[in-house]
Each structure stands twice: as C-alpha cells, then as structure tokens.
Amino acid sequence: QVQLVESGGGLVQPGESLRLSCAASGSIFRLYVMSWYRQAPGKQRDLVASITIGGSTSYADSVKGRFTISGDNAKNTVYLQMNSLKPEDTAVYYCNAQLVPVRGAGVMDYWGKGTLVTVSS
C-alpha cells in the first residue's frame, strides 16, 4: 500500500505565505510525478502544480509567480511554497503521486486526504 500524507494547511491573511508538505510512503518501486491539486467548495478539483522525478515543473496560470513546487527524491516528499496568498486560493489542497508500486505493475494514481488552506482577513 502507498500512503500520501499532507501537512501545512491553515488559516492565513491575504498576502501571507504557507508551505505545504506531502510525504509518500509504503510500497514504491518507481515514482514519476508528484502534484498538488486543489478543490474549492462547489468547484471541481484542479491541478495547481506538478514536479517530475527529474525536477521539471509546471504550474496553473493562476499561481505562476506566487507558488513554487519542489521535491526531495530521497524522502519521496513534495513541497508547495505558497506566497502572496489570495482569498481565491482558499481550498482543500490534495497531493497526488503517479508511481509504480511494485516491479511489473503499471503506473497508478494515489491521493492524499487533503489539507485545508483558508485565506481570509
């Protein structure tokens, strides 16, 4: 089994910063991509940022220049540094990993349970 555990959410004021962490553990043969998604109340879950095992990153237009995704391959951990937060960033943030759990298996998607980020004055 593979577990993804997020941490770092909370309540902040507009303009402030937060850093989210997500650690993957369990049966991991090969990790390919780790991503952060978010889902605001009443809306669909959207991709925020991704990072490949090689370090290539991509971002949603709405967070470019404010959010930075990074990873620690040795720890199977991904981080999301969120600066200049806005009320519209309020959402539950979910960690996603695309990986092969055991040799011979295909690439599978795994999700964390989410961490709530609230940006409000």
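Residues numbered from 1 in each chain as written. Predicted model: local features only at pLDDT ≥ 70, side-chain atom pairs only at ≥ 80, totals over all residues. Heavy atoms only, no water.

**Some points on the packing of aromatic side chains**
Then, number 1: Evaluation of the coordinates by the stated rule reveals one aromatic pair.
Then, number 2: Of note, Arg45 hangs over the ring of Trp111, and the distance from its end group to the ring centre comes to 4.7 Å. (Phe/Tyr/Trp six-rings, centres within 6.5 Å; stacked < 30°, edge-to-face > 60°. Lys NZ or Arg CZ within 6 Å of the ring centre and 35° of its normal.)

**Topic: the sheet that holds strand S8 (residues 77-82)**
Then, number 1: An order of S1-S3-S8-S7 is seen for the four strands of this open sheet, with the pairing classed as antiparallel. Sheet topology places strand S1 (2-7) and strand S7 (67-72) at the edges, where each strand pairs with a single neighbour. For this sheet, the mean angle separating the axes of adjacent strands, direction not counted, is 15°.
Then, number 2: Note that strand S3 (residues 18-26) and S8 share six bridges and pair antiparallel. Paired with Cys22 across the two strands is Val78, which belongs to S8. (Pairing = 2+ DSSP bridges. Helix = DSSP H or I, 4+ residues; strand = E, 2+ residues; numbered from the N terminus. Axes fitted to C-alpha atoms, helices over the stretch in contact; angles between N-to-C directions.)

**Here's the deal with the pairing of strand S5 (residues 45-52)**
Then, number 1: Sheet topology note: the strand S4 (residues 30-39)/S5 ladder contains seven bridges and is antiparallel. What sits directly across from Tyr37, in S5, is Leu47.
Then, number 2: The hairpin turn running from S4 into S5, its antiparallel successor, is five residues long, and Gly42 in that turn takes a positive phi close to 75°.
Then, number 3: Of the strand pairs in this sheet, S5 and strand S6 (residues 57-59) are connected by three bridges, and their pairing is antiparallel. From the neighbouring strand, Ser50 faces S6, where its bridge partner is Ser58.
Then, number 4: Counting the residues that bridge the hairpin from S5 to S6 gives four residues, and of these Gly55 lies at a positive phi of roughly 100°.

**Some points on the environment of Leu80**
Then, number 1: Tracing the backbone shows Leu80 in strand S8.
Then, number 2: In this structure Leu80 comes out as buried when scored by relative accessible area, which is 0%. (Buried < 20%, exposed > 50% of the residue type's maximum accessible area, 1.4 Å probe, protein only.)

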